[in-house]
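Commentary on secondary and tertiary structure
This is what each chain is made of:
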Amino acid sequence: MPQGVSPRAEIVVAPRMGDILVQRKSRGKVAKFVASHPTIFAGSLLLFAICAMAILAPYLHTVDPAALAPARRTRPPSWQFWFGTDTLGRDVYSRVLYGARVSLIVGFSVAIVSSGTGLAIGLISGFVRWADAIIMRVMDGLMSIPPILLAIALMALTRGSVGNVILAISIAEVPRVARLVRGVVLSLREQPFVDAAVAAGTRPPMIIIRHLLPNTLAPLTVQATYICASAMIIEAILSFIGAGTPPDIPSWGNIVAEGRALWQVKPYIIFFPAAFLSITVLAVNLLGDGLRDALDPRMAKRL
Amino acid sequence: MLRYMLKRTLQTIPVMAIVAFLVFALLYITPGDPAAVIAGDQASAEDVARIRVALGLDRPFFIRFGEWSWTVLHGDLGTSIFTSLPVGKLMLQRVEPTLSLMAITLVFSISLAVPLGVVAAWRAGSWIDSAVMGFAVLGFSVPVFVVGYLLTYVFALQLDWLPVQGYTSISAGLWPWFKSLILPSVSLALVYVALIARITRATMLEVLGQDYVKTARAKGLGEHAVLFVHALKNAAVPIVTVIGLGIALLIGGAVVTESVFAIPGLGRLTIDAILRRDYPVIQGIVLVFSFSYVIVNLCVDLVYTLVDPRIRY
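Across its full length, chain B carries 13 helices and 0 strands. Starting at the N terminus, the α and β elements of chain B follow one another as α-α-α-α-α-α-α-α-α-α-α-α-α. Here the C-alpha coordinates of chain B stretch approximately 80 × 55 × 40 Å along the principal axes. Looking at chain B as a whole, 41% of its 313 residues qualify as buried. For chain B, the proportion of contacts with a sequence separation of at least 24, taken over those separated by at least 6, is 73%.

Attention now moves to the overall build of chain A. The secondary structure content of chain A amounts to 11 helices and 0 strands. Burial analysis of chain A (303 residues in total) assigns 47% to the buried set.

The subject of this paragraph is the nonpolar core. Membership of the largest hydrophobic core comes to 169 residues, with the highest contact counts inside it found for Ala151, Ile152 and Ala153 of chain A together with Ile196 and Ile282 of chain B. Counting residues per element, this core draws most heavily on helix α8 (residues 174–208) of chain B, which supplies 19 residues. Leave out the neighbours within four places in its chain, and Ala151 of chain A touches Ala168, Ile169, Ala172, Ile234 and Leu238 of chain A.

Between chain A and chain B, the contact holds 45 residues from the first and 50 residues from the second. Those elements giving two or more residues to the side of chain A that touches chain B turn out to be α5 (129–143), α6 (147–157), α9 (204–240) and α11 (268–295) of chain A. For the side of chain A that touches chain B, the leading source of residues is α11 of chain A, giving 9 residues. In the side of chain A that touches chain B, the residues fall into 30 nonpolar, 10 polar and 5 charged.

Residue and element names in this part refer to chain B. Along the chain, the position of Val23 falls in helix α1 (residues 2–29). When the C-alpha positions of Val23 and Ile170 are compared, they lie 33 Å apart, and in sequence the two are 147 residues distant. Ignoring any residue separated from it by four or fewer positions in sequence, one finds Val23 in contact with Gln283, Val286 and Leu287.

Residue and element names in this part refer to chain A. Across chain A, the average pLDDT comes to 80, with 83% of residues at 70 or higher. At the low end of the mean pLDDT range in chain A sits helix α1 (residues 17–24), at 51; at the high end sits helix α4 (residues 92–127), at 90. Confidence drops under pLDDT 50 across residues 1–10; counting only partners more than four residues distant or on other chains, this segment forms 28 contacts.

Moving on, we get to the packing of helix α7 (residues 144–158) of chain B against α8 of chain B. All names here are of chain B. Packing of α7 against α8 leaves a shortest axis separation of 9 Å and a crossing angle of 140°. Classified by the interaxial angle, the pair formed by α7 and α8 is oblique. Here α7 runs over α8; the crossing is right-handed. Of the residues in α8, those in contact with Val144, Val147, Gly148, Leu151, Thr152, Phe155 and Ala156 of α7 are Leu183, Val186, Ser187, Leu188, Leu190 and Val191. For the contact of α7 with α8, a count of residues per class yields 10 nonpolar, 3 polar and no charged.

Now for unusual backbone geometry. All names here are of chain B. Positive phi, normally seen in glycine, also occurs at Ala262, with a value near 50°. With respect to the helices, strands and loops of the structure, Ala262 is situated in the loop between α11 (247–260) and α12 (266–275). Residue Arg277 is not a glycine yet carries a positive backbone phi of 50°. Relative to the assigned elements, Arg277 resides in the loop between α12 and α13 (279–307). Judged by local crowding, Arg277 falls into the partly exposed class, with 19 C-beta atoms found within 10 Å.

What follows deals with the packing of α6 of chain A against α13 of chain B. Any two packed helices are characterised by how steeply their axes cross, that is the angle between the axes, and by the distance between the axes. Where α6 of chain A contacts α13 of chain B, the axes come no closer than 10 Å and their chain directions differ by 165°. In terms of orientation, α6 of chain A and α13 of chain B fall into the roughly antiparallel class. Considering the relative orientation of α6 of chain A and α13 of chain B, their crossing is left-handed. Seen from α6 of chain A, the contacting residues are Leu149, Ile152, Ala153, Ala156 and Leu157 of chain A; seen from α13 of chain B, they are Tyr279, Ile282, Val286 and Phe289 of chain B.

Residues and elements named next belong to chain A. Relative to the elements of secondary structure, Ile105 occurs in helix α4. You can call Ile105 partly exposed: it has 17 C-beta atoms within 10 Å. For the pair Ile105 and Val30, spaced 75 residues apart in sequence, the C-alpha to C-alpha distance is 29 Å.

With 15 residues, helix α6 (residues 127–141) of chain B extends 21 Å from end C-alpha to end C-alpha; this agrees with the ideal 21 Å at 1.5 Å per step. Buried within α6 of chain B we find Val132, Met133, Ala136, Val137, Gly139, Phe140 and Ser141 of chain B. In this fold, the buried residues of α6 of chain B make contact with α11 of chain A together with α5 (87–122) and α8 of chain B.

Glancing now at α11 of chain A. Relative to the 40 Å expected for 28 residues at 1.5 Å per residue, α11 of chain A spans 40 Å between its end C-alpha atoms, a close match to the ideal helical length. The buried count for α11 of chain A comes to 23 of 28 residues, which makes it a mostly enclosed element.

What follows deals with the confidence of the model for chain B. All names here are of chain B. On average, chain B scores 85 in pLDDT, and the residues at 70 or more come to 98%. Of all helices and strands in chain B, the one with the weakest mean pLDDT is helix α2 (residues 34–39) (75), whereas α5 scores best (90). Across the interfaces of the predicted complex, the ipTM metric reaches 0.87, alongside a pTM of 0.85.

On to the environment of Pro280 of chain B. Residue and element names in this part refer to chain B. By the element assignment, Pro280 lies in helix α13. In sequence terms Pro280 and Phe82 are 198 residues apart; their C-alpha atoms lie 9.6 Å from each other. Residue contacts for Pro280: discarding those within four places in its chain leaves Gly78, Thr79, Ser80, Ile81 and Val87.

Cut-offs used in this document
- Residues numbered from 1 in each chain as written.
- Chains lettered and ligands numbered in written order.
- Predicted model: local features only at pLDDT ≥ 70, side-chain atom pairs only at ≥ 80, totals over all residues.
- Helix = DSSP H or I, 4+ residues; strand = E, 2+ residues; numbered from the N terminus.
- Buried ≥ 20, exposed ≤ 12 C-beta atoms within 10 Å, placed from the backbone.
- Contact = placed C-beta atoms within 7 Å.
- Core = buried A, V, L, I, M, F, W, Y, C linked by C-beta atoms within 7 Å.
- Nonpolar A, V, L, I, M, F, W, Y, C, P; charged D, E, K, R; others polar.
- pLDDT = per-residue confidence, 0-100.
- Axes fitted to C-alpha atoms, helices over the stretch in contact; angles between N-to-C directions.
- Parallel < 35°, antiparallel > 145°, perpendicular 65-115°, else oblique.
- Left-handed = near helix turned anticlockwise from the far one by under 90°.
- Expected span 1.5 Å × (residues − 1).

Structure below.
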């Protein structure tokens, strides 16, 4: 699990002259936020640009990403084909732009599905004592299967589709969320305000919604961001080894998989999707690191 | 302590039983008819029926699970649908390259990541720290196949220092064997290095603020001794734990790396099995890898109860 800055690292004894001067100029709130959380700003700006690119793909000088043209196979990048053409003569630029959609959809959906499911399981497990032992043993078992292998096994049994890819990766990610939420709930349960709510006769569902849920949101958001990044990588890996998104849908993993036969002579076919994939995952990871430092400094110290 | 070690060992049995149950249950909980999916779109009704019988899907779940567990406990992992060979035998033929790849990656990663993390914590806030942490974020973000192709392009195609693809068995000599694994293990190591360097830095930062580190410095010990003897030793438990947990990344990454570098190991076997929808092989591989993962982490726990005198149960 990604680890970060311990608070100790940021102790600065004396304010520097620059900081004092800038404060006196009374900068705007936005500028202040950007300056204090540069990674959140950089990550979300990049991610926003990639989302915009994916949504506006049809208007960005693209052609049909599936249009075959055997006459112009494996052309190098040029004015007409910005990223060149692949072995079937398809325009790599258009395929890469449309491929962004698959990565983003898979990343966001897995983050939502697995954090929702994990949240529910973690809350129940942390709050209902008799269920805890059973649920956590199952989660331990699920966590003992390396995530990529679990996703591979699930994909081997289902037909390749974007929905099944999302499901397979989500199942692999759920135990990590459930564990995180359960840990938070267990420590909260001992807090006086929960005791007070129990003593006041608040019913358990209300305690969960009103007292436990809000406190899990910060670490959960951070975790969901990391899950989004890892889901994008796993989707690309599954597509790359032929167990993911069906080949007729352009996804970054698929484009690399199709380009690999010729990559020693035509490296540009795999260069562009690989670069876009890495930059997108980097953007999400930067956002996650920034959110972690901003929302939950304590989490930085935990495993 | 012996009691704790025994208890910790016994605890892995239910975990392994649950892993086995989950791996087996996947056949039943996945939506749709797995026999039809495995047989493929062109298969006849007879083929589907044959596969259904071969997988035991025609019989009740718990009876099948009982039988399957029994055979697995006897070391029989089932029979490949495609080659009709025992899965155990297929896997044994492929073990050497995968184990070699993982062992070299492990050595590479630890010997690179731990010093990086220590230096980053020692000079926290400096440009070295920023460089190490930036490298770590990059390591988490660039997929292993991208690293693999990039390194191959530079070191094999352009500079021609190392072989592009393939694996040379250890029986052909130590140097050719090592040479064939340099690029694959460096690619596989990247994400693992990022993970270990980050946790090393975080724990070292905590340890370096402790009083005994001040004492060590006050009595005139050199920085080297303070960092690597006093501080690192005390930071070892979380680092070793993460090295153990990170094996999951190595296992998943090995599948991809073997595919990129055409290494005939267990990962390659997995990919061939996916393309042929040979589920018994996938099941066997998932089971063996997961068991190994559980056992590695058990060993990690046991080793530091032995090594760390602070842990007493």
